[in-house]
Amino acid sequence: MSALSHHVVIGSGIAGAQAVATLRARDPDARVTMITLSALHCYKRYDLPRIFRGCRDWRELLAQPPSYYDDQRITVRRATKVANVDTSRGMIQLSHNEEIRFDTLLVASGCRGHLPEELADYKDLIHRFSTFQDAMTVARALPEGGRVIMLGGDMLGLDLARTLIDTGHRVTLIAGEHTFWPHPVTVEQRDRLMGVLHDMGIEVVDGETVGGGIAAIEAGPPGMPARRVVFRDGGDRYGDIVMSFFGLVPSVEFMLGAGLDIERGILVNPSLRTTDERIYAAGDVCQIWSDQERSYRFFYGWKNVRAMGDIAARNMTGAAEAFVPAQDEGLAITPEGQIHSPFWEYE
Amino acid sequence: MLGELPVRPEGVEASTRRAQPVVVSEDPRDVAWVRQNIPCQTACPAGTNVPAYIHQIMERKYGRSYETNREANVLPGVLGRVCSRPCENACRHGWAGNGEPVAICHLKRVAADMKDAAHRITEQLYAPTGKRVAIVGAGPAGVAAAHDLSLFGHDVVIFEREERPGGMLRYGIPVFRLPRDVLEVELHNALRLGVQLKTGVSIGSGPNEVRVSALLQEYDAVLLATGCMAATRLPLRGAWEGREPTDELRDVEYGLDFLMQMHRGERKRVGRRVAVVGAGFTALDCARVAVRLGAAEATIHIRTAEEYIPVTHEEIFEAKREGVRIKGLRTPVGLRTDENDRLTGVEFCQNRLGGWRAGGRRLAIPIEGSEFVEHCDTLIIAIGQQTVNQYLDVKPEIDRGGYVRIADNGMTSVPNLFAAGDFVKGATTAVEAVGHGRRIAQRIDTWLMGWTRRREAVRIAPVAAPLRSRSFDFIPRQAMPVAALNERVRKSELEVETGLDEPVASEEAKRCYLCDLRYEIDVDRCIYCRACIEVAPRNCIKLIKGVEPGAAAGYDKLVETAEWNQVAAIWIDNNECIRCGQCFTACPVRCISISRCELVQVDV
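What counts, and at which threshold
Residues numbered from 1 in each chain as written. Chains lettered and ligands numbered in written order. Predicted model: local features only at pLDDT ≥ 70, side-chain atom pairs only at ≥ 80, totals over all residues. Helix = DSSP H or I, 4+ residues; strand = E, 2+ residues; numbered from the N terminus. Rg over C-alpha atoms; globule rule 2.2 N^0.38 Å. Contact = placed C-beta atoms within 7 Å. Buried ≥ 20, exposed ≤ 12 C-beta atoms within 10 Å, placed from the backbone. Domains from an automatic or database assignment. Nonpolar A, V, L, I, M, F, W, Y, C, P; charged D, E, K, R; others polar. Pairing = 2+ DSSP bridges. Axes fitted to C-alpha atoms, helices over the stretch in contact; angles between N-to-C directions. Right-handed = clockwise from strand over helix to strand, strands pointing away. Core = buried A, V, L, I, M, F, W, Y, C linked by C-beta atoms within 7 Å. Parallel < 35°, antiparallel > 145°, perpendicular 65-115°, else oblique. Left-handed = near helix turned anticlockwise from the far one by under 90°. pLDDT = per-residue confidence, 0-100. Expected span 1.5 Å × (residues − 1).

J.: Got a minute to help me understand the overall build of chain A in this structure?
T.: The number of helices and strands found in chain A is six helices and 23 strands. Its C-alpha atoms give chain A a radius of gyration of 21 Å, near enough to 20 Å, the size a compact globule of 347 residues would have. Reported as C-alpha extents along the three principal axes, the dimensions of chain A are approximately 65 × 45 × 35 Å. Long-range pairs, those at least 24 residues apart, make up 64% of the contacts in chain A with a sequence separation of at least 6.

Shown next, in the form of C-alpha cells:
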C-alpha cells in the first residue's frame, strides 16, 4: 500500500484491536487511526466478571499497555463519537464536527446489550454490563451476598452468573427466549440446561410460566431490596439489582447515512467487504454472507471476532481472503454435568 | 427548562436598526430562498408553514398555530397523529452535527389538542361562482379538494361509497392511532362550508350506481379521488403460482380488507401465530391489531431491512413494545397447509439488498435455493394497494403503472374529468393525498374561472431581535408520552400516543431553528470587525468574494475566499445558519438584520 494511505478503524474491541495490529504489520508506513467511544484503550471485555473477584483496576484489563499504540504509531482517538460516514467524500464526521479523511475504513464498532422494547420504560432501573464502567457500577451497587435478578440470560449473562455464584452472591434468572443466546437450543436441551443452571445454584424462573413475563420493574419499598420485578400473574421477586441479558444489537447508527447495505448489522461478503469497496466491517457489527446457509449471519465469540479483525485488515491491505469461522458454536453439557460453551473459552 | 427567550442586548434598541417595511415579493429569488432555506416546508407535500406554527406554539398561541396549519392542511389534528413526517426527515435540526429533528408532527398535534374548545376557524371565502363540482371519494384528497373548492365559491358535492367519510383515514387506520372523534370534528369543519356529502352512493355502471358520464353531464367538473382501494396480490410460486390464497384459505387475508372490515364493524379473529408480510403502515397496523385481538405472536416479514421501510421509528418502536417482531431480508414464495386446508406456515426465500429505489427505499433480490419456512396460523398480506378503475364508464388515459394520467391542469384525457390523490399517484400517504387534493383544487378553480385567482408570493417582514436563545440548541428532542402497555391490550381502542403536555410542548417548540428567519449583513454598514464570526457556533458566516445564482433562481453559491484583499463581503450562509442570534447580538454597528420570509397566497 502507499505510504500515504490512511487506514481508519472505528471501534476498539477485539476486532478493532486485532485489525490495527495487522494493518501496522502489513503496511508499516501508513497512517493508522483507531476511533473509539470508550475512554479506555482496548480491554478484555470478556474478563469483566473478574471485577467481582476483586480486579477493579482498569489497567489489569487492558489488552495492551497504552505505550503499545505509541510504539506502533497507531493514533487512538478515545471518547470520540462518530456522527456519520460520508462515503462520497471519504470522510468520517465526528460528533464535534471534526472530519477525518480515510482511504480504507474498518467498522468494528461492536454491539451493545439489547433491551427489549417492552422493557424500555424500566431502563433506568436496569443495570447493564457492556463496558468497564457498567461493570463497576454493578459492583458498587451490589452488596456482599446480594441478589441479582437477571433478565433474559444470554451466554454473557450466564458467564457473569457463574462468577456471581462463585463469589457468594445470589442470582435469580428470569428465563425466556433469549436464555442461552446466541446458541440455538431445542426444547429437550433447554430443560436439561435449566437443570444444570439450577444445580449451579441459580434460581431459575421460567418467564413463560409467570403469566407470560414481566409486568413491571419497580424500586423496592423501604427496608426491602432495591428492586422488585412484578410478573403478569401477580407474583414477584426482589433483588438488589436487575440486569438485562437479551443478546446483542449491532452499533450501526452512525453508518445509516453512509449508503451501505445494512439489515440488523452491516452486510458484508465473506471477505468482510461492504457494498463500498473501501469499507470493511468486522466483529459483532457485521452479518457475513454464508454460501452454505444462503443467508447473512452473525458470528460471535472472541476467536471469531479476532479472526474477522485480522482478515479485514489483511484485505484492506491488498489480500483477498475469506473469513472462516474460528470456533464452533455448540452448547453442551459435560460428563461432569457442567455447561460447556465455546463462548466461555477466552484467554 | 433550558433558557428563556433572549433579552435584547444592552444598548441595542430595535428602533435604531434600519427600519424595514413589510413587503410581499413575487421575485423568484425570494421564492427560491424559501424553498432552499425552509426544508421542512419544502418537504411537506401540503406545503405547511412549519416554522410559523411552531413559533406560535412557543408563544402559546395554539389557536393561531392551528389556523396556520389549516391554511395548508384541513386535517391538522389527524395528520398530527398519522403523518409520515417527510418534514422531520428534512429538518435542519436533524442534519449531521445538529442533533435530532424537531418533533414537528407532535407539535402539529399540540396545536390541534390545545386550541380553545370554542376556537374560531378562519376561512377566506370567495363569492359564489355558480359552478358545480362533483368529487368521487371522501378520503383525504377528496376532502381537501372539496374544502378548497368550496372556499373558491363553487358548489361541491362529494359521492362516497362507504357509509361515512374519511376514506383510508377512517377505514384503514386503527382507532388506537387515530381516535375517530378527532377525525369527525376535522372532517366536519372541512366540509361545513356548504359541501354536500352523499355517502353510501356507489359510482359505477351497475343498476343502482351513479355513472361518471352522468356526473360529467350534470356538473361543470368532476374530480376522481377514489384512492387505492384494492390490495396488491401476493405473487407466489410453485404449487401456489397463479392461485389466489384468500379464495382457498380462510387463514389468509389482505391487510386492507382486514382493517376495512374491522372498521366497518365486523368482528375479526386471528390465530395464535400471525405472520404479516409487507413493510408499510398497513402491515404495522395489522400486526398491532393482531396483538390486540389476542395473537401470541405477531411477526412482520419484510423484503429489505427495518431501516429502509417507510414507517416512522416511533411506530416501529411502539409496535415492538407491544410484542410485534420484525424479520428482514425475506420474500414469501409459498404457503404450507395441513389436510384441512388450514395454514401452517409461509415459505420464504432469503433476499439480499439490491440498489436504491425512490424515496430512500431498497430493492430486494431473492437468493435462489435459500427457501425456508416460518410457521404461523394466520397470514395477513399487506404489500401494497392499487387503484380500481373498473367503476369508470368513461375511458381516461391510463399510464403503464395503471394510474390515470393527468395534464398540468389536473385534467384527465376526458374533458372536465380531473383526478387527485392516490388515484393518480398510487398509494402514498395521507399528507401527500391532502397536498395533491389541494393543488388539484386550485387547478380546477383556474380551469373553471379561466384565470388563476391566487398566486404564491413571499411575505417579508422585519423582526426586531432574535427569537431564539443559543441555549435552545441543547434541548433534547422531547419524547411522546404513551399509554401503558397493559392498558393498550385491555382497551384495544385506547390511543397509544397521549400527546405532549404544555411544558413539554413549549420545550420542543424552542428547538425549532425557525428557518423562516433570514439573517443578513448590510455590507454597506459592516466594518469587517469579525465579531460575528467570532461568536458564530458554526461555519455560518463567511468571507466571500462573490455570490452566484444557483439552479433554482436563488443565490445559493457562495464563493469563499481566505484572502482579505479579495473579500467583497461578510455573508451569512443561511444554509448553515441555525438562527441562534449570536451574530446579531455581537455586531457593534448593528448591521445585521432579521426578516421573516413566509410563502403566502395572494390574490391576483
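That was the structure; now back to the text.
J.: It is not clear to me how the overall build of chain B should be interpreted in this structure. Could you clarify?
T.: Across its full length, chain B carries 21 helices and 22 strands. Computed over its C-alpha atoms, the radius of gyration of chain B comes to 27 Å, within 12% of the 25 Å expected for a compact globule of 604 residues. Considered along the principal axes of its C-alpha atoms, chain B spans approximately 85 × 55 × 45 Å. Across the 604 residues that make up chain B, the buried fraction comes to 46%. Once local pairs closer than 6 in sequence are excluded, the contacts in chain B between residues at least 24 apart make up 73%.

J.: Sorry, what's going on with the domain arrangement of chain B here?
T.: Accessible area lost upon the coming together of the parts is a frequently used measure of interface size. Residues and elements named next belong to chain B. When the domains of chain B are assigned, the result is domain 1 (37-120 + 470-511), domain 2 (132-229 + 387-452) and domain 3 (244-381). Using only C-alpha atoms to locate each centre, domain 2 and domain 3 end up separated by 30 Å. Domain 2 puts five residues into the contact, and the matching count from domain 3 is nine residues. Its residues assigned to classes, the side of domain 2 that touches domain 3 comprises three nonpolar, one polar and one charged.

J.: Is there a simple way to explain the domain arrangement of chain A in this structure?
T.: All names here are of chain A. Taken domain by domain, chain A holds domain 1 (6-110 + 251-316) and domain 2 (113-247). For domain 1 versus domain 2, the separation of C-alpha centres amounts to 30 Å. Its residues assigned to classes, the side of domain 1 that touches domain 2 comprises nine nonpolar, one polar and two charged.

J.: Would you mind going over the sheet that holds strand β9 (residues 126-127) of chain A with me for this structure?
T.: Pairing between sheet strands relies on hydrogen bonds along the backbone, with the strands arranged either parallel or antiparallel. Residue and element names in this part refer to chain A. Read across the sheet, five strands follow the order β9-β16-β10-β11-β12 without closing on themselves; strand pairing throughout is parallel. Either end of the sheet is taken by a strand with one partner, and the two such strands are β9 and β12 (203-206). As defined by bridge partners, strand β10 (residues 147-152) adjoins strand β11 (residues 170-175) across six bridges and the pair is classed as parallel. Following the sheet pairing, Arg-147 is matched in β11 by Arg-170.

J.: What am I meant to see in the sheet that holds strand β18 (residues 266-268) of chain A here?
T.: All names here are of chain A. Here we have three strands laid out as an open sheet, ordered β18-β20-β21, and mixed in their pairing. Looking at which strands have only one partner, the edges of the open sheet turn out to be β18 and β21 (295-297). Put simply, the sheet's adjacent strands are angled 35° from each other on average, direction ignored. Relative to strand β20 (residues 286-290), β18 runs parallel, the two sharing three bridges. The residue of β20 that forms the bridge with Leu-267 is Gln-287.

J.: What am I meant to see in the environment of Phe372(B) here?
T.: Note that Phe372(B) resides in strand β13 (residues 362-375). For the pair Phe372(B) and Val333(B), spaced 39 residues apart in the sequence, the C-alpha separation amounts to 9.6 Å.

J.: Any chance you could explain the pairing of β10(A) here in plain terms?
T.: Residues in a regular strand point their side chains to alternate faces of the sheet. Taken across its six residues, β10(A) has six buried, putting it largely inside the fold. One crossover worth recording links β10(A) to the parallel β11(A) by way of helix α4 (residues 155-166) of chain A, and it is right-handed.

J.: Even after reading the chapter, I still don't get the environment of Thr163(A), so can you show me in this structure?
T.: Residues and elements named next belong to chain A. Tracing the sequence through the fold places Thr-163 in helix α4. The partly exposed category is assigned to Thr-163, around which 17 C-beta atoms lie within 10 Å. Setting aside chain neighbours within four positions, we find Thr-163 in contact with Pro-49, Phe-52 and Arg-53.

J.: Explanation requested: the pairing of strand β8 (residues 273-277) of chain B in the structure shown.
T.: Residues and elements named next belong to chain B. The buried fraction of β8 amounts to five of the five residues, a majority that puts the element mostly inside the structure. On β8, burial covers both faces: Arg-273, Ala-275 and Val-277 on one face and Val-274 and Val-276 on the other are all buried. Taken together, β8, helix α14 (residues 281-292) and strand β9 (residues 297-301) form a β-α-β motif whose crossover is right-handed.

J.: Would you take a moment to explain the nonpolar core for this structure?
T.: Inside soluble globular proteins, nonpolar side chains tend to come together where they are buried. Counting 146 residues, the largest nonpolar core has Leu106(A), Ile266(A), Leu272(A), Ala282(A), Val276(B) and Ala287(B) as its most contacted members. Ile266(A) has contacts with Val107(A), Val252(A), Met255(A), Leu260(A), Thr274(A), Ala281(A), Val285(A) and Cys286(A), leaving out every residue within four places of it along the chain. In this structure, Cys40(B), Ile406(B), Ala509(B) and Leu599(B) belong to the second largest nonpolar core, which totals 113 residues.

J.: Which parts of the structure should I look at to understand the interface of chain A and chain B?
T.: Taken together, the 16 residues of chain A in the interface contact 17 residues of chain B. Elements supplying a minimum of two residues to the side of chain A that touches chain B: β4 (82-86) and β21 of chain A. For the side of chain A that touches chain B, the residue count by class is seven nonpolar, four polar and five charged.

J.: Help me out: how do you make sense of unusual backbone geometry in this one?
T.: That bond from Trp181(A) to Pro182(A) is cis: its omega, 5°, falls within 30 degrees of zero. Relative to the assigned elements, Pro182(A) resides in the loop between β11 and α5 (187-199). Phi angles above zero are rare outside glycine, and Arg60(B) is one such case at about 60°. Assignment of secondary structure puts Arg60(B) in the loop between α3 (50-58) and α4 (62-72). Not every positive phi belongs to a glycine, and Arg85(B) is a case in point at roughly 65°. Along the chain, Arg85(B) turns up in the loop between α5 (76-82) and α6 (86-90).

J.: Looking at this structure, how should I read α3(B)?
T.: Within an α-helix, residues lying three or four positions from one another point in the same direction, as the helix has 3.6 residues per turn. All names here are of chain B. Most of α3 is tucked away: nine of the nine residues are buried. Every buried residue of α3 is accounted for by Val-50, Pro-51, Ala-52, Tyr-53, Ile-54, His-55, Gln-56, Ile-57 and Met-58. Those residues of α3 that are buried are in contact with α2 (39-43), α4, α6, α7 (104-114), α19 (502-511) and β22 (592-603). A positive phi of about 60° marks Arg-60, the residue just after α3.

J.: How should the packing of α4(B) against α7(B) be read in this particular structure?
T.: Between two packed helices, both the angle of their axes relative to each other and the distance between the axes serve to describe the pair. All names here are of chain B. Put simply, α4 and α7 touch, their axes get as near as 8 Å, and they point 120° apart. One way to sum up the angle between α4 and α7 is to call them oblique. Seen along the crossing, α4 lies across α7 with a hand that is left-handed. Note on element contacts: α7 touches α4 through Lys-108, Val-110, Ala-111, Ala-112 and Met-114, opposite Tyr-62, Ser-65, Tyr-66 and Asn-69.

J.: Help me out: how do you make sense of the confidence of the model for chain B in this one?
T.: Keep in mind that low pLDDT regions are not for reading the predicted coordinates in detail. For chain B, the average pLDDT comes to 92, and 96% of its residues sit at 70 or higher. Across residues 1-17 of chain B the pLDDT falls below 50, and counting only partners more than four positions away or on other chains, this stretch makes 24 contacts in the model.

J.: When you look at helix α8 (residues 140-151) of chain B in this model, what are you seeing that I'm missing?
T.: Residue and element names in this part refer to chain B. Taking 1.5 Å per residue, 12 residues should reach 16 Å; α8 reaches 17 Å between its end C-alpha atoms and fits that length. The complete set of buried residues in α8 reads Pro-140, Ala-141, Gly-142, Val-143, Ala-144, Ala-145, Ala-146, His-147, Asp-148, Leu-149 and Ser-150. A positive phi of about 95° marks Gly-153, the residue just after α8.

J.: Help me understand the environment of Gly337(A), please; the structure alone is not making it clear to me.
T.: All names here are of chain A. Take Gly-337: it is sitting in the loop between β22 (332-333) and β23 (339-340). On the basis of neighbour counts, which here come to 11 C-beta atoms within 10 Å, the residue Gly-337 falls in the exposed class. For the pair Gly-337 and Leu-197, spaced 140 residues apart in sequence, the C-alpha to C-alpha distance is 10.0 Å.

J.: How should I be thinking about the packing of α3(B) against α4(B) in this particular structure?
T.: Residues and elements named next belong to chain B. α4 packs onto α3 with a crossing angle of 170° between their chain directions and a minimal axis gap of 8 Å. Of the possible angle classes, the one that applies to α3 and α4 is roughly antiparallel. Contacts between α3 and α4 involve Ala-52, Tyr-53, Gln-56 and Ile-57 from the former and Tyr-62, Arg-64, Ser-65, Thr-68 and Asn-69 from the latter. Split into classes, the residues belonging to the contact of α3 with α4 amount to four nonpolar, four polar and one charged.

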